[in-house]
Amino acid sequence: MKIVVYDQGGTRVEIGDVAGKTLMSVIRDAGLNITAQCGGCAACATCHVYVDDEWTSKLKPVSDVEDAMLDIAEERQENSRLSCQVKLTEDLDGLTVRLAPGSGF
């Protein structure tokens, strides 16, 4: 299983062996430019990503807590998610996201 991440500069990175992890931890562990300040507690918006449109309906709905944190995220869009709240399951093989402005350090 793999995901595809575009960093803030548009560079495409494929990351494999991701099943069972959170999207945030995979991005962070791959050394990409993501702050992920709260470590996955949905207590900030520094792991903000944009999910490609073809994938948004395949993710679990945004919780009230995640929605509140996304309200403080820089440049929120309809496809915005906190990567710490996206659990990578087999049905998300090929998930493609873009790191949002303000998510990097």
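Since we're looking at a predicted model, the values are computed, not measured.

### Concerning the nonpolar core
- By size, the foremost hydrophobic cluster in this structure holds 29 residues, and its most contacted members are Ile3, Leu23, Ile27, Leu88 and Leu95.
- Those elements that place two or more of their residues in this core are β1 (2-6), α1 (23-29), β3 (48-51), α3 (64-70) and β5 (96-99).
- Looking at this core, the element that brings in the most residues is α1, giving four residues.
- Once residues lying within four places of it in the same chain are set aside, the contact partners of leucine 88 are Met1, Ile3, Val18, Ala19, Gly20, Lys21, Thr22, Leu23, Val26 and Leu95.

### Some details on the side chain of histidine 48
- By secondary structure assignment, the location of histidine 48 is in strand β3.
- Within the local environment of histidine 48, its side chain forms a polar contact with the backbone oxygen of glutamate 74, the two atoms lying 3.4 Å apart.
- Among the polar contacts made by the side chain of histidine 48, one reaches the side chain of serine 80 at a distance of 2.7 Å.
- Residues contacting histidine 48, with those up to four places away along its chain left out, are Leu70, Ala73, Glu74, Glu75, Arg76, Ser80, Arg81, Leu99, Ala100 and Ser103.

### As for the sheet that holds β1
- Strand order in the open sheet formed by five strands is β2-β1-β5-β3-β4, with mixed pairing between adjacent strands. The open sheet has two free edges, formed respectively by β2 (12-16) and β4 (80-82), since each of these has just one partner strand. Strand-to-strand twist of the sheet, defined as the mean angle between neighbouring strand axes without regard to direction, takes the value 35 degrees.
- Here β1 runs beside β2; their pairing, made up of five bridges, is antiparallel. Bridge assignment links isoleucine 3 to a residue of β2, and that residue is isoleucine 15.

What counts and what doesn't
- Residues numbered from 1 in each chain as written.
- Predicted model: local features only at pLDDT ≥ 70, side-chain atom pairs only at ≥ 80, totals over all residues.
- Heavy atoms only, no water.
- Core = buried A, V, L, I, M, F, W, Y, C linked by side-chain atoms within 4.5 Å.
- Buried < 20%, exposed > 50% of the residue type's maximum accessible area, 1.4 Å probe, protein only.
- Helix = DSSP H or I, 4+ residues; strand = E, 2+ residues; numbered from the N terminus.
- Contact = heavy atoms within 4.5 Å.
- Polar contact = N/O pair within 3.5 Å; in protein donor to acceptor, adjacent residues only side chain to side chain.
- Pairing = 2+ DSSP bridges.
- Axes fitted to C-alpha atoms, helices over the stretch in contact; angles between N-to-C directions.

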